[in-house]
Amino acid sequence: GNLFCQFQFEKGKHFECVGGKEKGQTQVDYPQAGSKEFVWNHPIDLHYFMKSMQGWPSLKIEVWTLDNTGGKILCGYGMTYVPRTPGSHEIKCPIWRPSGTPKEEVLAYFLGPRPQLVDKDVVFKKAASERCRLFTETSGNILLNVEIITRGRRNK
């Protein structure tokens with residue numbers, strides 16, 4: 001199998017990105033036979049100027065696989081907040097995907113395409129009110145190693 005990740009940082013109006021790219025995609029990883037771990041080792045370097053703590057950045061993640069023809073098949077969605085304290089952090093981000101009807105799941109097993117969200121805001125912006133209405137299943141976890149550096153901000 002193979003996997004790759006598309007990501008995007010979301011932030012509030014009090015944050016301005018002054019360096020780096022807030023969205024991107026990793027390479028496609030093809031692990032050794034028998035391994036269930038995928039490694040992307042994709043550095044992300046962002047610099048923010050903030051006026052307030054409101055709207056602290058979060059990371060939106062979509063995990064995909066390529067089929068035999070190069071088509072993309074969704075494996076899942078995830079979201080995590082960027083840590084607020086400086087230093088090294090290891091973040092475990094759960095990945096999930098929408099479950100279809102039994103008929104949709106059988107079709108997905110044989111033909112590939114799985115149910116996807118039409119409105120991705122359900123995952124991120126409307127998560128508290130809307131996501132609880134979805135039927136989902138876990139797709140695994142992404143382990144992120146993050147280094148946070150702050151300057152000119154008092155840590156409490």
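Residues numbered from 1 in each chain as written. Predicted model: local features only at pLDDT ≥ 70, side-chain atom pairs only at ≥ 80, totals over all residues. Heavy atoms only, no water.

Draft legend 1. The arrangement of the packing of aromatic side chains in detail. What the rule picks out here adds up to 4 aromatic pairs. Seen from their ring centres, Phe15 and Tyr48 are 6.1 Å apart, and the 85° between their planes marks the pair as edge-to-face. With Phe15 in strand E2 (residues 15-19) and Tyr48 in strand E4 (residues 47-50), this residue pair connects regions lying 33 residues apart in the sequence. You can call Phe15 buried: its relative accessible area is 8%. Between Phe15 and Trp56 the ring centres are 5.4 Å apart and the planes differ by 85°, which places this aromatic pair in the edge-to-face class. With a gap of 41 residues between them, Phe15 in strand E2 and Trp56 in the loop between E4 and strand E5 (58-66) connect regions that are remote in the sequence. Aromatic rings pair up to connect Phe15, Tyr48 and Trp56 into one cluster. Here Lys72 stacks its cationic end above the ring of Trp64, 4.6 Å away from the centre of that ring. (Phe/Tyr/Trp six-rings, centres within 6.5 Å; stacked < 30°, edge-to-face > 60°. Helix = DSSP H or I, 4+ residues; strand = E, 2+ residues; numbered from the N terminus. Buried < 20%, exposed > 50% of the residue type's maximum accessible area, 1.4 Å probe, protein only. Lys NZ or Arg CZ within 6 Å of the ring centre and 35° of its normal.)

Draft legend 2. Spotlight on the pattern of salt bridges. With the rule as written, the count across this model stands at 3 salt bridges. The partner of Glu10 in a salt bridge is Lys60, with the nearest N and O atoms 3.2 Å apart. Separated by 50 residues along the polypeptide, Glu10 in strand E1 (residues 4-10) and Lys60 in strand E5 bring together distant segments of the chain. For Arg97, the salt bridge goes to Glu137, with nearest N and O atoms at 3.0 Å. (Salt bridge = Lys/Arg side-chain N within 4 Å of Asp/Glu carboxyl O.)

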